[in-house]
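# Inside the fold
Residue-level listing of the chains:
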Amino acid sequence: MNFKIAKLPGDGIGPEIVEEAIKVLNAIGTKFGHQFDFEFGYVGAAAIDATGDPFPDETLQICMESDAVLFGSIGDPKYDNDPKAKIRPEQGLLAMRKALGLYANIRPVTAFESLIDQSPLKPDLISGVDFVVVRELTGGIYFGEPRGRSEQGDKAFDTCVYTKVEIERILELAFDYAAKRSKRLTVVDKANVLATSRLWRETAQEMEPNHPDIEVDYMFVDNAAMQLIQWPKKFDVMVTENMFGDILSDEASVISGSLGLLPSASVGIHTSVYEPVHGSYPQAAGKNIANPMATILSAAMMLEISLNLTEEAQAIRVAINECLSQNVVTEDLNKDQASSTSEVGDFIAQWIGATTVAI
Ligand code: IPM
Ligand code: MN
């Protein structure tokens, strides 16, 4: 089949890691008889430099007309160190999420057996970990109004807003995920302090009777942050609001051994976006040292979720596991004997090409 994929590499290491994912997708195309046509769009600091806008209309158009979006990363130190900058690369990502209605961000966290020793956590604690963080992505403090500064500039405010409808739709998706997995759902909030969290908890409680086969538990976010590291195996599907999900998913990456291994899918109303959980890692940009696996695993999620190519997605995961067990990894996973970004991509693409698959 033919698929049209929007390619939005963004900033920092984005272009390098997206190139490796494309290499792997092309290997899948050759192997399974598909064609992926990639169309480039500007986003982030690169888009500000080229057009003045971190998410130009043209990029939105490309996304809307594609079957899926493959996204790299955004962010640039020249903006990080300038809190006064009015136009920022991150606005591009947030604008894209809003414009495409991507209200759900799915972040699977698994422990890779061959990397168990890489984690600072005890092996028996993380061996077999397999859970999903479902993060609400278009609401909460990231988007709530009013936000900004007082006239004198000596006061700043952000507002956390959630409507019941927004909470219901993300919870519905999380219940569905739990139904497909081990039927356990943890709702993470701060209902002892925040009004929005109380609405989350109340809404989840109201929805529980409609999902009698799902076992639901509720956890405050501070407690969840602790339990995630202390007993990660107790979690299956965790659903939470935008900011809590952002923080907890970075924390969870410690379990898999590197932030460079965590993929994500952002799904919602229009075209879905597939992107690594990590940022633009500017210190590594252009050096061919960044780990491309999170982006390649995001491409696997794309095949599965948006293109319905389950077997193809599995072929990527098998190749990644092989790569990890043969220790063909970037420096975040092996300081002494690191492979480069492109060597990792080459290995995975070649492995896919070389293995026989029953079609
Ligand atoms: C992420 C990132 C973004 C977020 C930033 C870059 C705006 O940290 O995708 O997790 O906070 O959502
Ligand atoms: Mn983040």
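An account of the accompanying structure is given in this report.

Moving on, we get to the packing of aromatic side chains. Enumeration according to the criterion identifies 6 aromatic pairs in this entry. Between the aromatic rings of phenylalanine 36 and phenylalanine 38, the centroid separation amounts to 6.5 Å while the plane-to-plane angle is 35°, which identifies the pairing as tilted. When its relative accessible area of 6% is taken as the criterion, phenylalanine 36 is described as buried. Residues phenylalanine 347 and tryptophan 351 carry aromatic rings whose centres are separated by 6.2 Å and whose planes lie at 5° to one another, so their mutual orientation is stacked. You can see phenylalanine 347 and its partner tryptophan 351 sitting in helix H13 (residues 341-354), 4 residues apart, about one turn around the helix. Given a relative accessible area of 27%, tryptophan 351 falls into the partly exposed group. A connected cluster of aromatic rings, assembled from ring pairs, spans Phe3, Phe36 and Phe38. The ring of tyrosine 142 has arginine 135 lying over it, and the distance from NZ or CZ to the ring centre is 5.3 Å. Just above the ring of tyrosine 177 sits the side chain of lysine 180; from NZ or CZ to the centre is 4.8 Å.

Within the largest apolar cluster, 67 residues are counted, with the highest numbers of intra-cluster contacts made by Leu185, Val239, Leu303, Ile316, Leu324 and Ile348. Discounting chain neighbours no more than four positions away, the residues touching leucine 303 are Leu25, Ile28, Phe36, Asn308, Leu309, Glu312, Ala313 and Ile316. With 21 residues, the next largest nonpolar core counts Val133, Met219, Val221 and Phe244 among its residues.

All right, on to the layout of surface pockets then. As a volume, the largest pocket reaches approximately 730 Å³. Broken down by secondary-structure element, the contributors of at least two residues to the lining of the largest pocket are helix H5 (89-99), strand E6 (148-149) and strand E7 (156-157). If you tally residues by element for the lining of the largest pocket, the top one is H5, at 4 residues. Class assignment of the residues belonging to the lining of the largest pocket gives a composition of 7 nonpolar, 2 polar and 7 charged. Mapped onto the domain boundaries, the lining of the largest pocket takes at least three residues apiece from domain 1 (1-108 + 258-359) and domain 2 (120-256). Counted as a void, the second largest pocket has a volume near 610 Å³. Lining the second largest pocket are 19 residues; nearest its centre among them are Pro108, Arg181, Met301, Glu304 and Arg317. Only strand E4 (104-110), strand E5 (130-136), helix H7 (164-180), helix H11 (293-305) and helix H12 (310-325) provide two or more residues apiece to the lining of the second largest pocket. The residues that make up the lining of the second largest pocket include at least three from each of domain 1 (1-108 + 258-359) and domain 2 (120-256).

Counted by the stated rule, this structure contains 1 cavity of 30 Å³ or more. When its volume is computed, the largest cavity comes out at roughly 40 Å³. If you go around the largest cavity, the residues you meet are Val188, Asp189, Leu194, Thr196, Ser197, Trp200, Glu241 and Phe244. Counting residues per element, the ones that place at least two in the lining of the largest cavity are strand E8 (184-189) and helix H8 (195-207). With 3 residues, H8 is the single largest residue contributor to the lining of the largest cavity. Within the lining of the largest cavity, the residues separate by chemical class into 4 nonpolar, 2 polar and 2 charged.

Rules of the game
- Residues numbered from 1 in each chain as written.
- Chains lettered and ligands numbered in written order.
- Predicted model: local features only at pLDDT ≥ 70, side-chain atom pairs only at ≥ 80, totals over all residues.
- Heavy atoms only, no water.
- Phe/Tyr/Trp six-rings, centres within 6.5 Å; stacked < 30°, edge-to-face > 60°.
- Buried < 20%, exposed > 50% of the residue type's maximum accessible area, 1.4 Å probe, protein only.
- Helix = DSSP H or I, 4+ residues; strand = E, 2+ residues; numbered from the N terminus.
- Lys NZ or Arg CZ within 6 Å of the ring centre and 35° of its normal.
- Core = buried A, V, L, I, M, F, W, Y, C linked by side-chain atoms within 4.5 Å.
- Contact = heavy atoms within 4.5 Å.
- 1 Å grid on protein atoms, 1.4 Å probe; cavity = no way out; pocket = protein on both sides within 12 Å on 5 of 7 lines; lining within 4 Å.
- Points joined across faces, edges and corners; volume = space filled by probe spheres on them.
- Nonpolar A, V, L, I, M, F, W, Y, C, P; charged D, E, K, R; others polar.
- Domains from an automatic or database assignment.

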